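Residues per chain, in single letters:
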Amino acid sequence: MQNAAFESVFSAMDTCKRCFILTLALAFFLIFFENSGTTVFGFTEDNELTETMVEESLDHSPYFNTRKYDVEDVGDQDWLMVERNGNQFVVNGQPFYVNGFNTYWLMVFAADQSTRGKVSELFQQASSVGLTVCRTWAFNDGQWRALQKSPSVYDEEVFKALDFVVSEAKKYKIRLILSLVNNWDAYGGKAQYVKWGKAAGLNLTSDDEFFSHQTLRSYYKAHVKAVLNRVNTVTNITYKDDPTIFAWELMNEPRCTSDPSGDTLQSWIAEMAVYVKSLDAKHLVEIGLEGFYGPSAPARAQFNPNSYATQVGTDFVRNHQALGVDFASVHIYADSWISQTISDAHLQFTKSWMEAHIEDAEKYLGMPVIFSEFGVSTKDPGYNSSFRDTLISTVYKTLLNSTKKGGSGAGSLLWQLFPDGTDYMDDGYAIVLAKSPSTSNIISLHSTRLAIFNSMCSWKCRWGCKKKNALETFLYHDDL
């Protein structure tokens, strides 16, 4: 039986170094179960016990440990650009499913020597539970410790701080989604661009003119150009050539409430996505949308969290059909959109919201979708850590249901991960891994599943293989 266990894994694995390392761990996992008397592929034992045993078996391997990833294991020759193949992400032809997180303030912390260490600490902790992508801000417009002090005028020390963030992410083999401007006032946002326009003598009456006024569009384009053409002072790699950057995000949560038809925002997206691609054809581009359905898909409005969502000028399907957009983004905030008080309705909404967008990404867009912000606030009435764990598990399970079918559900990013000692920045959604062992275990298990899946076999054979790898049972068997 032990020989059969080895053969079942080796036959479906690529012979590359990483796959071989995983093969050893997985073969150990199979033998562990056989020797323990547990029915591996039927999972007749209690699911929770089974998960614990799987984690323990993987942890015993010196080559694949769910909590002690070797950040030096992957050399520069293996650190390649993330690309898109249909509705999936790939790296060097291998599937790349994302388990990641948000920490928006990294650049600002890196700009101060007294807090710079927290950036490294965060990446180390994220890496220890297998998180592979971080979304953060590549903007701070006209505010305290601003990156862009006025249009096209930059604080070099703050830019060097962003250089540090990018270089440090690479050390821990974490890729970055860099957002280029905010819809909201925090860190300047579109309101700051309007202030700059007014200071230059423009007659502007609404912050939404950020999207329509040609001068403000030119300000934004100049910022995009400055960031993409930036040569990192730590690595000497131009941002647009750096595989550490997973994707460019046009804007954090764009809304244009002054034009519910969506035409104004659509025009802006169409122009800016193509502009980014004209400067950088290598990297992926996404919009940064929350995922609300608009006028182009009235039948899908039923999935919106409320009637107001249809009036904010965004249109999930139409927006993502713009040329130059590579993948879809969706946010999940039941506690902001449905009701602040915690209830099972939040979980039901989360599942239906995700499934609707995965379906649309497959049927109408033909692209991956990342649920790029999701979480629950400790300030919500009725909050408890058990509910947060259930919410996170719901998101992960819904994604795995898509993964096993080769669907568009490509990953998720927690909002948000903090290192210890940064409580004063907490908006209620912060997760400190050291203080949240149960949450940390859920994240780590999901990372393990995705890491195994990403390395199981080459892209060409994954969906065409007639022989189902027995390990898939582990990847998808339970209700997390």
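Residues numbered from 1 in each chain as written. Predicted model: local features only at pLDDT ≥ 70, side-chain atom pairs only at ≥ 80, totals over all residues. Heavy atoms only, no water.

An unreviewed UniProt entry annotates the chain as mannan endo-1,4-beta-mannosidase originating from Theobroma cacao. We quote the UniProt Catalytic activity (unreviewed entry) comment for the chain here in full: "Random hydrolysis of (1->4)-beta-D-mannosidic linkages in mannans, galactomannans and glucomannans." Under the UniProt heading Sequence similarities (unreviewed entry), the note attached to the chain is "Belongs to the glycosyl hydrolase 5 (cellulase A) family." (UniProt positions renumbered as here; feature names shortened; annotations may be inferred.)

Asker: In this structure, what is going on with the overall build of the chain? I would like to understand it.
Answerer: A count of helices and strands for the chain gives 17 helices and 13 strands. Taking all 480 residues of the chain together, the buried fraction comes to 60%. If you sum the accessible surface of the chain, you get close to 18200 Å²; carbon and sulfur atoms cover 51% of it. (Helix = DSSP H or I, 4+ residues; strand = E, 2+ residues; numbered from the N terminus. Buried < 20%, exposed > 50% of the residue type's maximum accessible area, 1.4 Å probe, protein only. Areas by Shrake-Rupley, 256 points an atom, 1.4 Å probe, with all protein chains shown as cover.)

Asker: Can you walk me through the sheet that holds strand β2 (residues 88–91) in this structure?
Answerer: Picture the strands of a sheet paired through backbone hydrogen bonds; they go either parallel or antiparallel. Within the open sheet, the three strands sit side by side as β1-β2-β3. Their pairing is antiparallel. A single partner strand is all that each edge strand has here, and the edge strands are β1 (82–85) and β3 (94–95). Pairing between β2 and β3: two bridges, direction antiparallel. In the strand pairing of β3, Val90 is matched with Pro95. (Pairing = 2+ DSSP bridges.)

Asker: Would you mind going over the pattern of salt bridges with me for this structure?
Answerer: Where charged atoms from two side chains of opposite charge approach closely, those side chains can pair. Within the structure shown, the criterion is met by 21 salt bridges. Asp241 is the salt-bridge partner of Lys282, the closest N and O atoms lying 2.9 Å from each other. Here the residue Lys282 occupies a position in the loop between α10 (263–279) and β10 (284–286), and Asp241 occupies one in the loop between α9 (214–228) and β9 (245–249), the gap between them amounting to 41 residues. Given a relative accessible area of 48%, Lys282 falls into the partly exposed group. (Salt bridge = Lys/Arg side-chain N within 4 Å of Asp/Glu carboxyl O.)

Asker: What am I meant to see in the side chain of Ser412 here?
Answerer: With respect to the helices and strands, Ser412 occurs in strand β13 (residues 409–415). Residue Ser412 is classed as buried on the basis of its relative accessible area of 0%. Dropping the residues within four chain positions of it, Ser412 is found in contact with Val98, Asn99, Gly100, Ile370, Phe371, Phe374, Val395, Tyr396 and Leu399. (Contact = heavy atoms within 4.5 Å.)

Asker: Whenever I open this one, helix α5 (residues 116–128) confuses me. Can you help?
Answerer: An α-helix turns once every 3.6 residues. As a result, residues three or four positions apart point the same way. Over its 13 residues, α5 runs 19 Å from end to end, which matches the ideal 18 Å to within 8%, given 1.5 Å per residue. The complete set of buried residues in α5 reads Val119, Ser120, Leu122, Phe123, Gln125, Ala126, Ser127 and Ser128. Where α5 is buried, its residues touch β4 (98–102), α4 (106–110), β5 (133–137), α6 (156–171) and β8 (175–179). Among the residues trailing α5, Gly130 stands out with phi positive, at a value near 80 degrees. (Expected span 1.5 Å × (residues − 1).)

Asker: Quick question: what am I supposed to make of the nonpolar core here?
Answerer: Generally speaking, soluble globular proteins have nonpolar side chains that are buried together. Ranked by size, the top nonpolar core spans 105 residues in total, and within it Phe101, Phe123, Phe210, Tyr220, Trp248, Leu250 and Trp268 carry the most contacts. Discounting residues that sit within four places of it in the chain, Phe101 has contacts with Leu122, Phe123, Ala126, Leu131, Val133, Cys134, Arg135, Ile174, Leu413, Leu414 and Leu417. Counting residues in hydrophobic clusters, the runner-up holds 14 residues, among them Phe89, Ala247, Leu284 and Phe327. (Core = buried A, V, L, I, M, F, W, Y, C linked by side-chain atoms within 4.5 Å.)

Asker: Help me understand the packing of helix α14 (residues 385–403) against helix α15 (residues 437–455), please; the structure alone is not making it clear to me.
Answerer: The interhelical angle for the contact between α14 and α15, taken along N-to-C directions, is 10 degrees, at an axis separation of 9 Å. It follows from the interaxial angle that α14 and α15 lie roughly parallel. Contacts between α14 and α15 involve Arg388, Asp389, Ile392, Ser393, Tyr396, Leu400 and Thr403 from the first element and Ser438, Thr439, Ile442, Ile443, His446, Arg449, Leu450 and Phe453 from the second. (Axes fitted to C-alpha atoms, helices over the stretch in contact; angles between N-to-C directions. Parallel < 35°, antiparallel > 145°, perpendicular 65-115°, else oblique.)

Asker: For this particular structure, what's the right way to read the packing of aromatic side chains?
Answerer: How two aromatic rings sit relative to each other is given by the distance of their centres and the angle of their planes. Overall, the coordinates contain 32 aromatic pairs when judged by the stated rule. Taken together, a centroid distance of 6.0 Å and an interplanar angle of 35 degrees make the contact between Tyr104 and Trp137 tilted. Residue Tyr104 is found in the loop between β4 and α4, and its partner Trp137 is found in strand β5; the two are separated by 33 residues along the sequence. The buried category is assigned to Trp137, whose relative accessible area is 4%. (Phe/Tyr/Trp six-rings, centres within 6.5 Å; stacked < 30°, edge-to-face > 60°.)

Asker: Whenever I open this one, the confidence of the model for the chain confuses me. Can you help?
Answerer: Low pLDDT means the predicted atomic positions in that stretch should not be read closely. Summary statistics for the chain give a mean pLDDT of 86 and a share of 79% for residues scoring 70 or more. Put simply, helix α1 (residues 2–10) is where the chain has its lowest mean pLDDT, 37, and β8 is where it has its highest, 99. (pLDDT = per-residue confidence, 0-100.)

Asker: Looking at this structure, how should I read the sheet that holds β10?
Answerer: In space, the eight strands of this open sheet follow the order β10-β9-β8-β5-β4-β13-β12-β11, with parallel pairing throughout. Strands with a single pairing partner mark the edges of an open sheet, and in this sheet they are β10 and β11 (328–332). The sheet shows a mean angle of 25 degrees between the axes of neighbouring strands, taken without regard to direction. Direction of pairing for β4 relative to β5: parallel, over a ladder of three bridges. Residue pairing in the sheet places Asn102 in a bridge with Arg135 of β5.

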